[in-house]
Amino acid sequence: MTDVQIDEDLLADIEHRLELRRPNRDAVESVAAMSSMHFDVDGGGAPFECIVDSATGVGKTYVIAGLIEYFARLETPGRNFLLLAPGRTIRDKSVKNFTPGHRKSLSGRMKCDPFVITADNFNSPATRSVMADESRVKLFIFTVQALTTRTGEGRATHEYQEWLHGSLQSWLAGLDDLVILADEHHCYRGKAFSKTIADLNPQVVIGLTATPAARDEDLVVYRYPLATAIKDQLVKTPVLVARRDDRTDDHTKLLDGVTLLRYKERLAHAYCEDNDLPLVHPVMLVIAQDTAEADRYQEMLDSASFDGGAWVGRTLLIHSNMTGDEKEEALAALDAVEDPSSPVRIIISVGMLKEGWDVKNVYVIASMRASVSTVLTEQTLGRGMRLPFGEYTGIELLDTVEVLAHERYEALLAKREVLNEKFIDHAVLTEVRRTAAGRLVARKKVVGEDALPILGESGLSAEGREKKATDPEKPRGGIADFEETLKKAKEAADETESQPREHYPLPGREDIEIPYTAKVPSKSIVSLNQVHNEEPFRALGKALATEADTYLKRTMLKPDASGKIRGVRAEEMIEALAVDIPIDDSRASLIRTVMRVPRVRPEAGEVRAAERLVDLVIEGMGKDAEKHLSAFSERASRRVAALVDEQLRIVSSQDVVFSNEVRFAPLGKVRKASKEHLSDHTEPFSRSVAYDGWRSCLYEYAWFDTSPEYKVAQALDNAKQVIVWARLHINDLPITWTEEGRQYNPDLVAIEVTEGKKSCWLIETKMNKEMRAEDVQAKMKAAKTWANTVNNSGKVDGRWNYLLLSENDVDDAGGDWEQMKAFGAGR
């Protein structure tokens with residue numbers, strides 16, 4: 001027995017590749033720690049069984065991918081993974097999630113490259129070849145019925161296969177490294193499932209669910225409750241909406257839903273236009289009690305008499321009574337509901353969508369008969385919790401999902417404590433600690449109950465009402481009056497213009513020439529442009545100058561009292577003669593030394609990068625650099641080569657290297673804004689406003705996502721040396737920051753001229769709490785490598801720089817651009 005073994009470097013790489021949210025990363029780490037505790041510390045036998053309990057919408061598929069990556073890339077790797085699904089819907093979704101080329105696939109980010117095997121393809125020649133290859137990672141995806149029964153889907157897995165010398169199930173049972181991932185684990189905990197698991201002889205069984213069975217509580221090694229997900233803004237904030245009057249008829253409720261949906265659509269479309277995003281169409285999910293009721297709702301909504309016929313041809317009915325082509329067509333339409341070309345705006349369902357349907361654009365849920373308590377108990381609420389834009393927008397109506405309740409408003413308020421209980425839960429995670437005996441062990445840790453997202457009337461506690469004035473755009477979950485909700489939605493939608501206004505670069509303004517360069521695809525290549533830290537090179541120059549002793553050391557040989565000859569340092573020192581080597585020749589020699597360092601590529605851009613590093617060393621030597629290099633050129637060459645080699649080893653783990661082929665194009669893309677347009681920029685910040693009155697902005701109007709962006713723009717406009725600036729939109733200047741090709745765009749670009757010298761700045765602002773986040777740091781490193789690459793291309797006019805600023809940096813600078821540069825310069 002030994003300590004708990006966790007490969008932290010592997011975890012960090014997986015987190016980076018898959019861009020795991022923190023709770024998903026913690027889930028993978030918790031399973032890794034507890035499985036090691038079971039096998040390595042406790043000496044337990046197979047199987048190790050555990051459960052990850054994570055709120056719907058947080059990214060359970062990413063946890064699955066992370067677990068496969070972790071176990072497949074350990075020093076003693078697992079090569080065979082079995083992903084079980086409770087039904088065909090989740091099975092088909094899972095196949096798409098791990099099939100290369102599908103728009104939702106994660107396989108491109110996975111280094112282990114899992115090969116998907118299903119009941120449909122396991123008998124093909126290609127799959128047979130993969131199954132025979134013990135070095136390949138294989139991901140078997142089956143419904144639980146395919147393994148627990150011998151009929152239907154189970155027939156293929158239980159039939160004798162000559163090439164396997166048995167059935168597929170018996171072949172799986174013969175593996176010594178099988179890891180089972182049971183998706184929606186709560187759906188199958190019967191005797192048949194337990195027997196199947198026992199018969200398969202797995203090493204590890206990991207259940208994943210948002211609602212684990214009470215009897216499985218001891219198996220939970222990680223829990224991330226919905227309340228915490230709402231608080232962390234990883235899912236939408238739910239708002240329960242009810243009427244104060246007695247109108248509870250179906251027509252009124254559906255009309256309420258589509259009216260709210262229409263306002264949300266205006267807001268979503270305006271947000272997409274303003275941010276150059278593909279259109280997101282909000283949809284409403286109507287929950288019927290039975291299929292007859294669902295049919296009646298579609299007939300009502302799809303008629304010319306309902307809301308002036310606005311929803312004719314825009315509804316989708318999906319329920320268990322559908323068969324054949326009708327069902328396949330409905331499922332295809334359901335799968336495409338996020339596509340901007342989809343006509344569907346209303347989905348009517350009974351029970352098929354409780355699990356396995358992961359679209360992100362559900363913004364309204366109409367609970368037609370079931371009480372809200374029932375909706376919250378089931379997983380129906382989870383269908384509307386995912387974020388269509390990946391993060392909160394700062395626009396309340398786009399960061400919430402409204403649930404239209406069957407109960408009256410007062411009735412909901414009266415039982416709000418009962419509703420709150422649906423969200424009460426405690427977080428569970430695994431921590432590694434050292435015992436008194438010095439051993440590393442893993443222990444489950446209960447964090448405590450989370451704050452409740454449903455607080456009472458209007459979703460606000462007394463404290464929350466006090467804070468509303470200072471934080472007006474933060475979503476407020478809770479119980480809301482329909483009329484108030486509709487009024488708020490209308491006001492927000494009315495702030496957008498019915499037709500987006502187009503903006504082009506202003507005539508007479510200085511052009512902003514944007515350099516573009518592509519990422520080098522090879523992971524084995526490193527570049528001197530990845531060396532961002534200049535201080536070690538200046539420090540080396542100072543050290544070489546300090547070490548440079550140009551005097552000859554004289555030693556006199558004298559006998560001591562016993563007659564032995566001793567060496568005695570002579571007092572007088574004579575300055576050594578040195579050949580005066582011109583500084584340009586010494587500089588050229590050091591550049592050649594750098595270019596001979598292993599892994600440095602003989603390219604023009606790398607030579608310019610080497611020149612930059614050598615110049616830093618010479619700068620550190622000071623005014624006597626020529627003298628020092630003349631006397632100690634060999635020592636300087638040796639130390640410079642060692643430092644360059646050391647720095648390249650440090651950056652070799654950074655994936656992104658850019659090509660020295662740089663092209664240029666002026667920033668000139670048309671800007672579209674559906675926001676309110678103000679004639680100046682003296683008003684306080686608002687995301688819903690486009691501001692004018694700029695001195696040096698490339699465009700007449702500019703709009704911003706955050707207050708720090710707005711403040712930086714004001715500072716740039718007030719700085720006399722800034723000749724032009726612009727807020728960057730998506731795809732204006734995409735910088736690749738991961739080996740898998742993930743891109744991001746900085747917030748602003750600015751050009752300044754000081755004493756005839758041009759400097760170009762890419763500026764990124766972040767909240768204080770985000771500054772040390774791994775993705776922010778990775779993006780900063782990639783942007784600095786990008787800047788070094790374009791600077792050393794020999795083609796740019798002026799030097800490009802990257803500046804990362806926190807909220808505090810921006811506020812402390814007090815609107816002074818020079819101060820902002822000083823605050824961000826050290827990063």
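For the structure, check the block above.
These figures come from a predicted structure and were not determined experimentally. (Residues numbered from 1 in each chain as written. Predicted model: local features only at pLDDT ≥ 70, side-chain atom pairs only at ≥ 80, totals over all residues. Heavy atoms only, no water.)

**So, the overall build of the protein chain**
Turning to step 1, where the next piece is worked out: In terms of helices and strands, the protein chain carries 27 helices and 32 strands.
Turning to step 2, where the next piece is worked out: In the protein chain, which comprises 827 residues, the share counted as buried stands at 52%.
Turning to step 3, where the next piece is worked out: Counted over contacts in the protein chain with a minimum sequence separation of 6, partners at least 24 positions apart contribute 73%.
Turning to step 4, where the next piece is worked out: Carbon and sulfur atoms make up 48% of the accessible area of the protein chain, which amounts to about 37,000 Å² in all. (Helix = DSSP H or I, 4+ residues; strand = E, 2+ residues; numbered from the N terminus. Buried < 20%, exposed > 50% of the residue type's maximum accessible area, 1.4 Å probe, protein only. Contact = heavy atoms within 4.5 Å. Areas by Shrake-Rupley, 256 points an atom, 1.4 Å probe, with all protein chains shown as cover.)

**As for the packing of helix α20 (residues 583–595) against helix α23 (residues 633–651)**
Axis angle and axis distance: for two packed helices, these are the angle between their axes and the distance between the axes, and together they describe the pair.
Turning to step 1, where the next piece is worked out: It is the contact of α20 with α23, at a shortest axis distance of 9 Å, that shows an interaxial angle of 40°. Put simply, α20 runs oblique to α23. Classified by chirality, the crossing of α23 by α20 is right-handed. Here S589, L590, T593 and V594 of α20 lie close against α23, whose contacting residues are A636, S637, V640, A641 and V644.
Turning to step 2, where the next piece is worked out: Within the contact of α20 with α23, the residues separate by chemical class into six nonpolar, three polar and no charged. (Axes fitted to C-alpha atoms, helices over the stretch in contact; angles between N-to-C directions. Parallel < 35°, antiparallel > 145°, perpendicular 65-115°, else oblique. Left-handed = near helix turned anticlockwise from the far one by under 90°. Nonpolar A, V, L, I, M, F, W, Y, C, P; charged D, E, K, R; others polar.)

**Description of the packing of aromatic side chains**
Turning to step 1, where the next piece is worked out: Within the structure shown, the criterion is met by 12 aromatic pairs.
Turning to step 2, where the next piece is worked out: Summarising the aromatic geometry, the rings of W786 and W800 are spaced 5.6 Å apart at their centres and angled 85° between planes, so their arrangement reads as edge-to-face. Highlighted residues: W786 in helix α25 (residues 774–791) and W800 in strand β32 (residues 799–806), separated in sequence by 14 residues.
Turning to step 3, where the next piece is worked out: An aromatic cluster is built from F685, Y691, W694, F704, Y710 and W725, whose rings are joined through pairwise contacts.
Turning to step 4, where the next piece is worked out: Stacked on the ring of Y363, the Lys or Arg K236 has its end atom at 4.7 Å from the ring centre.
Turning to step 5, where the next piece is worked out: Its end group placed over the ring of W737, K779 keeps NZ or CZ at 5.1 Å from the ring centre. (Phe/Tyr/Trp six-rings, centres within 6.5 Å; stacked < 30°, edge-to-face > 60°. Lys NZ or Arg CZ within 6 Å of the ring centre and 35° of its normal.)

**Here's the deal with the side chain of E606**
Turning to step 1, where the next piece is worked out: With respect to the element layout, E606 can be found in helix α21 (residues 604–621).
Turning to step 2, where the next piece is worked out: Assessed through its relative accessible area of 1%, E606 is described here as buried.
Turning to step 3, where the next piece is worked out: Here the side chain of E606 touches S527 through a polar contact of 2.7 Å, side chain to side chain.
Turning to step 4, where the next piece is worked out: Beyond its immediate sequence surroundings of up to four residues, E606 is in contact with S527, L528, N529, M595, R601 and N660. (Polar contact = N/O pair within 3.5 Å; in protein donor to acceptor, adjacent residues only side chain to side chain.)

**Quick word on the pairing of strand β27 (residues 722–727)**
Turning to step 1, where the next piece is worked out: The buried fraction of β27 amounts to five of the six residues, a majority that puts the element mostly inside the structure.
Turning to step 2, where the next piece is worked out: Where β27 lies against strand β30 (residues 748–754), five bridges are found, and the strand directions are antiparallel. Bridge pairing in β30 links V722 to E752. (Pairing = 2+ DSSP bridges.)

**A look at α21**
Turning to step 1, where the next piece is worked out: Helix length check: α21, at 18 residues, gives a terminal C-alpha distance of 26 Å against a target of 26 Å (1.5 Å per residue), a fit within 8%.
Turning to step 2, where the next piece is worked out: All of the buried residues in α21 are G605, E606, A609, A610, R612, L613, V614, L616, V617, I618, G620 and M621.
Turning to step 3, where the next piece is worked out: G622 occupies a position one or two residues after α21 and carries a positive phi of about 85°. (Expected span 1.5 Å × (residues − 1).)

**Section: the sheet that holds β30**
Turning to step 1, where the next piece is worked out: Across the sheet, four strands lie side by side as β27-β30-β31-β32; this open sheet has mixed pairing. The strands lining the two open edges of the sheet, one partner per strand, are β27 and β32. Across the sheet, the mean angle separating the axes of adjacent strands is 20° when strand polarity is ignored.
Turning to step 2, where the next piece is worked out: Pairing of strand β31 (residues 757–766) with β32 involves eight bridges; the strand directions are parallel. Looking at β32, one finds that I763 is bridged to L803.
Turning to step 3, where the next piece is worked out: Lying over the sheet, helix α27 (residues 817–824) contacts β27, β30, β31 and β32, oriented at roughly 85° with respect to β32.

**Examining a negative patch on the surface**
Turning to step 1, where the next piece is worked out: Taken together, D290, D295, E299, D325, E326, E328 and E329 make up a surface patch of like negative charges.
Turning to step 2, where the next piece is worked out: Counting residues per element, the ones that place at least two in the negative patch are α12 (291–301) and α13 (324–335).
Turning to step 3, where the next piece is worked out: Of the residues forming the negative patch, the biggest block, four residues, is contributed by α13. (Patch = residues over 30% accessible without salt bridge, like charges linked within 9 Å, V, L, I, M, F, W, Y side chains within 5 Å. Salt bridge = Lys/Arg side-chain N within 4 Å of Asp/Glu carboxyl O. Lys, Arg positive; Asp, Glu negative; His and termini not counted. Charge placed at Lys NZ, Arg CZ, Asp CG, Glu CD.)

**Concerning the nonpolar core**
Turning to step 1, where the next piece is worked out: With 65 residues, the main nonpolar core has I68, F98 and I206 as its most contacted residues.
Turning to step 2, where the next piece is worked out: Of the residues forming this core, the biggest block, eight residues, is contributed by helix α3 (residues 60–72).
Turning to step 3, where the next piece is worked out: When residues no more than four places from it in sequence are discounted, the contact partners of F98 are T61, I64, A65, I68, L83, S105, S107, M110, V116 and L139.
Turning to step 4, where the next piece is worked out: One finds V712, L716, W800 and M820 within the second-largest nonpolar core, a separate group that totals 58 residues. (Core = buried A, V, L, I, M, F, W, Y, C linked by side-chain atoms within 4.5 Å.)

**Some remarks on the pattern of salt bridges**
Turning to step 1, where the next piece is worked out: Taken as a whole, this structure holds 42 salt bridges when the rule is applied.
Turning to step 2, where the next piece is worked out: Among the salt bridges present, the one from R296 reaches D250, with a minimum N-O distance of 3.1 Å. One end of the pair, R296, is in helix α12; the other, D250, is in helix α11 (residues 250–274), with 46 residues separating them in the sequence.
Turning to step 3, where the next piece is worked out: Among the residues examined, R296 registers a relative accessible area of 36% and is labelled partly exposed.

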